[in-house]
Structure formats: structure tokens, C-alpha cells
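# Descriptive structure summary
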Amino acid sequence: MADFRIIALDGGGIRGVLTAVLLDRLAQAYPRLLQNQPGSKSMFAGTSTGGILALGLADGLTPAQMRDLYVVNGKSIFDAGWARNVVELGGLAGSKYDNENLKGVLQHTFGAKRLKDLSARVLIPSFSLDNGSADPAQRTWSPKFFHNFPGADTDGDVLVIDVAMSTSAAPTYFPSYNEYIDGGVIANNPSMAAIAQVLDGRNAAGDRATLDEIRLLSVGTGLTLQYVAKKNLDWGGAQWVQPILNVMMDGSVGVVDFEARQLLGSRYCRVEPVFPAGRSFPLDDVSKVVDLMKFAQNFDLAPAIAWLNGLSW
């Protein structure tokens, strides 16, 4: 095999529209980006909103079509409704949104397709709250990486919409989906999980690569500059609950970026726009969709395009 090309997409809620615009610009500047190439294999990895994008791209949808999914449906997906706000006490006693509108959008997009029906390999992280083991000594929660690589552990028969719902069930924002919650709690940047899947020795020859055959483009949903301006903190659960979620999400993304860069060197490229100081784009703030698209349109992609050209992706 000449190479195994991986596009890995971070989680970030409505900020997925930024990722879609960046990919659309990259595909226009470098048309080979999403095209199948002789002697190479393509794979899309994605977490949460990135998982939805990855599944769409693997199904042959364009980045522009995925962008429009957010533009058209964002308000209905992130619509709490007055009745839910009253019943759930504004999110204090239940998730901020239900997931029915999101599921309807995904059903319209993917229908009854299963992972094995997709035209490319995929790797989609989620987290199982209960493995349902009949043996009490083995019952636990654990990471789950949905994929359509052939083999005994394949998830090829699982519906695409079920995988999309499982990876994007963000705690406090959406209910869990069956036993699954958002993959961002374990791998908001799925790059290392994707590398591990491709290196798996159980894969058939055509679905397996050595480390030097892997080329990986990692695309984030934008980094918000934030910090805690205090030292020697003596906080408890009430003070840490919100900051620690952001610390864990941003921290895990940075760790994976470091690991992938160390392993792949020049065969790895990370595209991560940094928002201006003082500006934030919450993952459910649909009022910022236009701003996100403008930001993505103006972001300098020259280094990434040069990387693609230099690598002959």
C-alpha cells in the first residue's frame, strides 16, 4: 500500500460548521483531498459533531452539504423549548435539549444506511456507561470506538444514525443515547484512536498500514483562549464542575496533537483556528453560525495547503 490517508475531525457542537467550511476551502484549493487515489486508502475519524461530519463525508456528502446541515438545522437541534425549560429547571434537573430533532435530521440525512454501506472506512469514538455484562465482576463503563473495518469486532451492521447519536450525546446538553454518551469525554480529538485502528494487526492487509504509511490531517473546531487567574486553588466540586470539563476537553485535544505530531512528524498536519481573546463560541450558540463561517472563511489555510501539496496527498 502506498499510504493510508486519515482525516480526523474534533468535537465542538455547532462549531462543526467552522470545520465544514475549512474542509470546503481545502477541497477547493486541493481537489484531491476527498478523492479516492489509486494505491491509497481513505479513512474519516470524528468525535461528536466531528463524527457526524466524518460519517457524512464517508457517505459521499460534500463539506458544503455538511455545512448546510448546520445552517439549516442548527436552531431546531439546539432548541430547548419553553416547556422543557420549565420541566427540567433550565437544565439543572435534566439535559438542556432533547435529542429528537437531532435524530430527525440524521434520519433524513442517512436513512437506514449502516456503517458497512459507507464508501470509506470510519472510526467514531463514544463512551458506554454500561457494558451490560451478565457477569457482575465484568460490568463496567468503557470507551467505545465504532468502526466499519471488517473483522470479528466490526460495527458494520450498526445504523449510521445510531453511531452519530451515540458520539454526539454530550452530557448536560443531550440525554444519553441508549447506553452511550459523547465521545468527547475520552477522545475529543480522535487522531490517535484513528492511528491505532489503522495499525491494528487484526486488519486485513488492505486495511492495515505501517506508521510510515499514515498521512493524517486533523481539523479542530476552534480554540477559545481561557484560563483560571488564581493560584493554589482550594476548590470543591461546585467550583470545579464547569472549569474542569473545559480543562479536560482542551487538555485531551492538546495531548493527542502532541502524540500524533511526535509519531508522524511531517506526515501530520493540524488545523486549529484560535479565536480572538475575549471571544467565545459556545457549542450550542446557533446565533454565532454566521460569525463562525466568516471566521473560517478568513482563516489562513496556506500552511495546510502547502502541506497537502508537499505531501502529494
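Here we summarise the structure given alongside this text. Just so we're clear, the structure is a prediction, and the values are computed from it rather than from any experiment.

## Structural notes on the environment of Asn298
The topology assignment puts Asn298 in helix H10 (residues 289–298). Residue class for Asn298 comes out exposed when judged on its relative accessible area of 68%. In the structure, Asn298 is positioned 99 residues away from Leu199 in sequence and 36 Å away in space, judged by C-alpha atoms.

## As for the pairing of strand E1 (residues 3–9)
Counting buried positions over the 7 residues of E1 gives 7, a clear majority of the element. Burial along E1 is two-sided: Asp3, Arg5, Ile7 and Leu9 facing one way and Phe4, Ile6 and Ala8 facing the other are all buried. Inspection of the sheet shows E1 paired to strand E2 (residues 40–46) by 7 bridges, in the parallel sense. Bridging from a neighbouring strand, Ala8 pairs with Ala45 of E2.

## Structural notes on the nonpolar core
Ranked by size, the top nonpolar core spans 62 residues in total, and within it Leu33, Leu55, Leu217 and Trp313 carry the most contacts. It is helix H1 (residues 16–29) that contributes the most residues to this core, 8 residues altogether. Discounting residues that sit within four places of it in the chain, Leu217 has contacts with Ile6, Ile7, Ala8, Leu26, Leu33, Cys269, Val271, Trp307 and Trp313.

## Let's talk about the environment of Phe295
If you trace the backbone, Phe295 turns up in helix H10. With a relative accessible area of 19%, Phe295 lands in the buried category. Each residue touching Phe295, except ones within four places of it in the same chain, is listed here: Leu18, Pro273, Val274, Phe275 and Pro276.

## A word on helix H11 (residues 302–311)
Turning to H11, its buried residues number three or more, namely Ala304, Trp307, Leu308 and Leu311. Looking straight down H11, one finds its buried side chains confined to an arc of 95°; they lie on one side. Turning to H11, the residues buried within the fold contact H1, strand E6 (214–219) and strand E7 (268–271).

## Some remarks on the pairing of E6
By the criterion of burial, E6 is predominantly enclosed, with 6 of the 6 residues buried. Of the two faces of E6, the one lined by Ile214, Leu216 and Ser218 and the one lined by Arg215, Leu217 and Val219 are each fully buried. Where E1 and E6 come together, 6 bridges link them in parallel fashion. Note that in E6 the partner of Leu9 across the bridge is Val219. As paired elements, E6 and E7 share 4 bridges and run parallel to each other. Looking at E7, one finds that Leu216 is bridged to Tyr268.

Rules used throughout
Residues numbered from 1 in each chain as written. Predicted model: local features only at pLDDT ≥ 70, side-chain atom pairs only at ≥ 80, totals over all residues. Heavy atoms only, no water. Helix = DSSP H or I, 4+ residues; strand = E, 2+ residues; numbered from the N terminus. Buried < 20%, exposed > 50% of the residue type's maximum accessible area, 1.4 Å probe, protein only. Pairing = 2+ DSSP bridges. Core = buried A, V, L, I, M, F, W, Y, C linked by side-chain atoms within 4.5 Å. Contact = heavy atoms within 4.5 Å. Arc of directions from axis to C-beta.

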